[in-house]
Each structure stands twice: as C-alpha cells, then as structure tokens.
Amino acid sequence: MRLVVDLNRCQGFAQCAFLAPDVFALHGEEALLFTSRFDEALRDQVEQAAAACPVQAILVDFSDEPTQGVEGRVG
C-alpha cells in the first residue's frame, strides 16, 4: 500500500496532518511533507485523512496488495 499526493492540487489545508500526523506534516505554512509508504497500523488514519482532504489531493493506492477471494480462470 502506498500514498500518492497531487502536490499541484494540495492547498495546504492540513486536514491530513491533523488526522495522520505520523504520515503527513506541514513544513512552513504550505509545503506538505508525507511518507509514501506507511505502516499497516496507520491505515485507518491515512484513509480518514484522504477522505477529509477538501480538494481530494490524496490517493491511497492498494494495488500492491494481493486480491482476496478472486480466482483466475483459464480458457
């Protein structure tokens, strides 16, 4: 699981930094710092931070996680 932030879209509202301070931080008044890969224990906080972003600049990417309950078919 990894985090993608569109820094061109980010307006520095800092909702993410309040909800997931171990992953997001503001440097100065507007520059957002973030960790693109984070511990599974922080998953709920990161999902809440992404949902709270007023400009939807945060994407949580689960594409590297294995798909459960889906079997491949040949033929």
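Residues numbered from 1 in each chain as written. Predicted model: local features only at pLDDT ≥ 70, side-chain atom pairs only at ≥ 80, totals over all residues. Heavy atoms only, no water.

Defined as follows: UniProt positions are given in the numbering used here, feature names are shortened, and annotations may be inferred rather than shown by experiment.
Taking an unreviewed UniProt entry as the reference, the protein is identified by name as Ferredoxin belonging to Streptomyces mooreae. Turning to the protein, the UniProt record has this under Cofactor (unreviewed entry): "[3Fe-4S] cluster". The protein has a UniProt comment under Function (unreviewed entry) that states "Ferredoxins are iron-sulfur proteins that transfer electrons in a wide variety of metabolic reactions."

**Points about the overall build of the protein**
Note the threshold: The helix and strand labels rest on DSSP assignments: H or I over at least four residues marks a helix, E over at least two residues marks a strand, and numbering proceeds from the N terminus. Remark: exposure states derive from per-residue accessible area (1.4 Å probe, protein chains only) relative to the maximum for the residue type, with buried under 20%, exposed over 50%, and partly exposed in between. Contact between two residues is taken to exist if any of their heavy atoms lie within 4.5 Å; hydrogens are not considered. All accessible areas in this document rest on Shrake-Rupley with a 1.4 Å probe, and a residue is counted as covered only by the protein chains that are shown.
Within the protein, the secondary structure is distributed over two helices and four strands. When its helices and strands are written in sequence order, the protein yields β-α-β-β-α-β. When each of the 75 residues of the protein is scored for burial, the buried share is 28%. When contacts within the protein are restricted to residue pairs at least 6 apart in sequence, long-range pairs at least 24 apart make up 61% of them. Surface summary for the protein: the accessible area is close to 5,500 Å², and the carbon and sulfur share equals 48%.

**Topic: helix 2 (residues 43-52)**
As a reminder, the rule being used: By arc we mean the arc of the directions from the helix axis to the C-beta atoms, nothing more.
Among the residues making up helix 2, those that are buried are Val46, Ala49 and Ala50. Down the axis of helix 2, the buried side of the element spans an arc of 100°, and every buried residue falls inside it. Away from its buried face, by an angle of more than 90 degrees, helix 2 presents the exposed residues Asp44 and Ala51. Buried-residue contacts for helix 2 involve strand 1 (2-5), helix 1 (15-19), strand 2 (24-27) and strand 4 (58-61).

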